[in-house]
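Structural overview
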Amino acid sequence: MSMEPGKTFYLETFGCQMNAHDSEKVVGTLMQEGYRQVESVEEAGLVLYNTCSIRDKAEQKVFNRLNDFKKYKKQGKKFGVLGCVAQQQGAQIFERAPYVDLVCGSASYRNLPQMLVQLETGHRATGLDDRLTDECFETEFTARTNAHRGYITIIEGCDKFCAFCVVPYTRGKERSRTSDSVLAEARQMADLGYTDVQLLGQNVNSYSDPSGKKTFAELLRAVGEVAGLKRVRFTTSHPRDFGRDIVEAIDSTPTLCDHVHLPVQSGSTRMLDAMQRLYTREQYLERIVWIKAAKRDISLTSDMIVGFPGETEVDFQETLSLLDAVGYDSVFTFTYSARPNTPALNLPDALPDAEKSRRLVVLMDKQKQISLVRNKKRVGQTLEVMIEAKNETRKQWVGRTSQNMTLNFTAPEDVTLLIGSYASTCVTAAFPNSLVGELVTETQGNPHGS
Ligand code: SAH
Ligand code: SF4
Ligand code: F3S
C-alpha cells in the first residue's frame, strides 16, 4: 500500500443505513488504495458525496451542495457523486454539474479502485449498472465508524417495485450474500469486540441464501448465536415477506433484539393496492398479531406516507386508526414525493400541498401522543442499555435499549462508564422519543474483555 500524502478524500453521506454502511466500505476501499480521509472539503483532493434520491428534497440537497462547492474546482479538486442519485441520473450529472469527475452507483463500487486510477490520469470515470447485475459489494476493507455496533449487509437491491419508490431503479435487483459469508463477517466483528450488529437490506425478509443453507430466520438465529454478540438487529422488513418464523427466532434467541421495524405506508387497503405494496390492511394486522403473541415484548416501528395520489380523507382516517390498532413506539412519517422512473410518477395528484402537510402534522401529533403513553408505561422498568455517549452538559449518559430506544440516564459522579459497555438502568421518566433513567449496575464492564 502506497502512502502518498497527497491522496486525500472527503466523503459526505446522505440517506439510509445502506448508504451509511456503503460509505464505510468505500472509505475502507479508498484507504486500501493509499488515500487518506480528511474532515473538510478544503483539505481534500477528492470530494465525494454518497447520495440519496428517496424524496425530491434529498436529491435537491445533493445538487445544492455540488453548486456550493463548484468554487473548489479551480483549486484542482476532483468531485465524485456516488449512490442513488448517481445511479439514477447517470452521465446526466456531468451535464448539470460539468466539474464532476466521477459518477458511480452502488452496484459498481467494486470497480472503484480502477475508477480512481482513471481519475488520477485526468479522465472522467463512470460506474453505472443496469438492474441485472449479480454482483455484491463484498470487501474485507470495511472501515467501520463505531467500534461497538456495526452493520452487515445481507441482501442488496430490491425487486418489490412499490409504486412510489426509486430504490429498485437505484440499487438494482435483489441479490443475497451467502449465509457463510455473513456469518464469517459476524464472527470477525465479534472477535474485534463488536457486541451489537445490525443486518441490513432494503427487504431483509426476501433474503435468499445463494448456497441454499439458511432461510432468513435461520440466519438470524445463527448470527444471534455467534459468541460475543449481545445484540442482533435487522432492517428493513417488508410485511409481505414477514413470516412467523422470524417471531419464533426472536422468541428463542435472547440476543435477537425485541424490535421489528415493519413499514406499512398506509392503513387503507385501497391505497396499499395503489402503492403496489402486495398486502392488505388485514394481512398487515395479522403479522402484528403474530408479533404481539411473542413471549417477549417486541417494540414495533413503521414508515408511513401521506398524500399518495388518490388518497382521500377516508383513506387518511384509516391510516390514523391503524396507529391505534397497532400501538407503534415510533413512526417515520413522510409526505409523498413524486420520483423519476416510478409507476406513480404520472398518476393524477390533485391533493394540494397544504392538505398533504396538514395530514402529516395530524399523523405526527397522533403518533407522538401514542409514543408518550407507551413510554410512560415503561417508567419503573429495569432495562439494559448499551452506553453510547456521555452528555457532559446534561450530566447524563446516553444509552440504547434492546427495543432501540434512547435512554438518557444519570450515574453517581464517581462512576465512570465505558462507551460500548452495557448497564442496567431503571426508567424514571418518559418523553415521546426517549426515556430517562438511573444507573442500577454495570452489567458488562469492558466490551473488549473476555
Ligand atoms: N425498503 C423499505 C423502505 C425504504 S425507503 C420498505 O420497503 O419499507 C424508506 C421509507 O421512505 C419508505 O418506507 C417510505 O415510507 C419512504 N418513501 C419511499 N419513497 C417515498 C416517496 N416517493 N415519497 C415519500 N416517501 C417515500
Ligand atoms: Fe422501495 Fe418498496 Fe423496495 Fe422498500 S420494498 S425499497 S419501499 S420498492
Ligand atoms: Fe436513499 Fe438510496 Fe437509501 S435512495 S434511502 S440512499 S437506498
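Within each chain, residue numbers correspond to sequence positions counted from 1 in written order. Chains and ligands are labelled by the order in which they are written, letters from A for the one and numbers from 1 for the other. Local features in a predicted model are, by the rule used here, given only for residues with pLDDT of at least 70; side-chain atom pairs are given and counted only at 80 or more, and totals for whole chains, interfaces and linings are based on all residues. Side-chain measures were taken over the full set of non-hydrogen atoms in the model, leaving aside hydrogen atoms and water.

**Some thoughts on the overall build of the protein chain**
Test applied: Helix and strand labels come from DSSP, where a helix needs a run of H or I of at least four residues and a strand needs a run of E of at least two; each type is numbered from the N terminus. What the globule rule says is 2.2 Å times the number of residues to the power 0.38, and the radius of gyration is computed from C-alpha atoms. Contacts are residue-level and defined by heavy atoms, with any inter-residue pair within 4.5 Å sufficient. A residue counts as positive if it is Lys or Arg and as negative if it is Asp or Glu; His and the chain ends are not included. To locate a charge, the coordinates of NZ of Lys, CZ of Arg, CG of Asp or CD of Glu are taken.
What the protein chain contains, in helices and strands, is 13 helices and 19 strands. Here the C-alpha atoms of the protein chain give a radius of gyration of 23 Å, agreeing with the 22 Å that 2.2 N^0.38 yields for 450 residues. Dimensions of the protein chain along its principal axes, counting C-alpha atoms only, are 60 × 60 × 50 Å. For the protein chain, the proportion of contacts with a sequence separation of at least 24, taken over those separated by at least 6, is 74%. If the 54 positive side-chain charges of the protein chain are averaged to one point and the 57 negative ones to another, these points end up 3 Å apart.

**Some thoughts on the pairing of strand β16 (residues 396-401)**
Keep this limit in mind: Only protein chains enter the accessibility calculation, which uses a 1.4 Å probe. A residue is then buried if its area is under 20% of the maximum for its type, exposed if over 50%, and partly exposed in between. The criterion for strand pairing is that DSSP finds at least two bridges linking the strands in question.
Of all six residues in β16, six are buried; the element is thus mostly enclosed. Here β16 shows a buried face lined by Gln396, Val398 and Arg400 and a second buried face lined by Trp397, Gly399 and Thr401. A loop of four residues connects strand β15 (residues 382-391) with β16, the two strands running antiparallel in sequence, and Lys395 in this loop sits at a positive phi of about 50°. Here four bridges tie β16 to strand β17 (residues 406-410), and the two strands are oriented antiparallel to one another. Paired with Trp397 across the strands is Phe409, a residue of β17. Between β16 and β17, which pair antiparallel one after the other, the connecting turn spans four residues, and Asn404 there sits at a positive phi close to 70°.

**Quick notes on helix α11 (residues 281-292)**
Helical geometry: 3.6 residues make up each α-helical turn, so side chains three or four residues apart lie on a common side. Put simply, the rule reads: Here, expected helix span is obtained from the residue count minus one, scaled by 1.5 Å.
When the terminal C-alpha atoms of α11 are compared, their 16 Å separation across 12 residues agrees well with the 16 Å that a helix rising 1.5 Å per residue should span. Taken together, the buried positions of α11 are occupied by Arg281, Tyr284, Arg287, Ile288, Trp290 and Ile291. Those residues of α11 that are buried lie in contact with α9 (244-252), β12 (259-261), α10 (269-274), β13 (299-306) and α12 (313-326).

**Re the site of ligand 1**
This is how it is decided: Neighbouring residues are identified by heavy atoms, a residue being near a molecule or strand if any of them is within 4 Å of it. Whenever a nitrogen or oxygen atom comes within 3.5 Å of another N or O atom, the pair is scored as a polar contact, on the condition that within protein one atom can donate a hydrogen and the other can accept it, and that pairs from neighbouring residues in sequence are kept only if both atoms are in side chains. Accessibility throughout is a Shrake-Rupley quantity obtained with a 1.4 Å probe, and a residue counts as covered only by protein chains that appear here. Under the convention adopted here, Pro, Cys and the residues Ala, Val, Leu, Ile, Met, Phe, Trp and Tyr are nonpolar, Asp, Glu, Lys and Arg are charged, and Gly plus all remaining residues are polar.
Surrounding ligand 1, one finds 15 residues, the nearest of these being Phe164, Gln202, Gln265, Asp303 and Ser337. Gln202 has a polar backbone atom sitting 2.7 Å from a nitrogen atom of ligand 1. About the coverage of ligand 1: the protein hides 90% of its 530 Å² of free accessible area. For the shell around ligand 1, the elements supplying multiple residues, two or more each, are β13 and β14 (330-335). Residue classes in the shell around ligand 1 are distributed as six nonpolar, five polar and four charged.

**Observations regarding the domain arrangement of the protein chain**
Rule in force here: These domain limits were set by an automatic method or by a database of domain assignments.
Along its sequence, the protein chain is organised into domain 1 (7-127) and domain 2 (382-442). Summarising the inter-unit geometry, the C-alpha centres of domain 1 and domain 2 are found 37 Å apart.

**Concerning the nonpolar core**
Counted only if it meets this: In this text, buried Ala, Val, Leu, Ile, Met, Phe, Trp, Tyr and Cys residues form a nonpolar core when linked through side-chain atoms within 4.5 Å.
Formed by 53 residues in total, the largest nonpolar core has its most connected members in Ile154, Val223, Phe234, Val260, Tyr284 and Tyr328. Here the element with the most residues in this core is helix α8 (residues 216-224); it accounts for six residues. Those residues in contact with Tyr328 that lie beyond four places of it in its chain are Val264, Tyr284, Leu300, Thr301, Ser302, Met304, Leu322, Leu323, Gln367, Ile370, Ser371 and Arg374. Of all hydrophobic cores here, the second largest spans 24 residues; its members include Val62, Phe69, Phe79 and Tyr99.

**Regarding the sheet that holds strand β10 (residues 196-200)**
Pairing between sheet strands relies on hydrogen bonds along the backbone, with the strands arranged either parallel or antiparallel. Basically, it comes down to this: To obtain each axis, a line is fitted to C-alpha atoms, and for helices this fit is confined to the stretch in contact; angles are then taken between N-to-C directions over 0 to 180 degrees.
Here we have three strands laid out as an open sheet, ordered β7-β10-β11, and parallel in their pairing. In the strand order of this sheet, the two ends are held by β7 (149-153) and β11 (231-235), each with one partner. Averaged over all pairs of adjacent strands, the angle between their axes in this sheet comes to 25°, without regard to strand direction. In this structure, β7 lies alongside β10, joined through five bridges in parallel fashion. The partner of Ile152 across the bridge, within β10, is Leu199. Contacts from helix α7 (residues 179-191) reach β7 and β10 within the one sheet, and its direction differs from that of β7 by about 165°.

**Here we look at the state of the cysteines**
Structurally, a disulfide amounts to a covalent bond that connects the sulfur atoms of two cysteines. Quick note on the threshold: Disulfides are defined in this document as cysteine sulfur pairs within 2.5 Å.
A full pass over the atoms with the stated rule returns zero disulfides. Cysteine Cys104 is unpaired, with the sulfur of Cys84 as its nearest cysteine sulfur at 12 Å.

**Description of the pairing of β10**
Where we set the bar: A crossover gets the label right-handed when its path from the first strand over the helix to the second runs clockwise, viewed with the strands pointing away from the viewer.
Most of β10 is tucked away: five of the five residues are buried. Judged by which residues are buried, β10 turns out to be covered on both faces: Asp196, Gln198 and Leu200 on one side and Val197 and Leu199 on the other are all buried. Sheet topology note: the β10/β11 ladder contains five bridges and is parallel. Note on β11: the bridge partner recorded for Leu200 is Thr235. Assessed by its sense of winding, the connection that carries the chain from β10 through α8 to β11 is right-handed.

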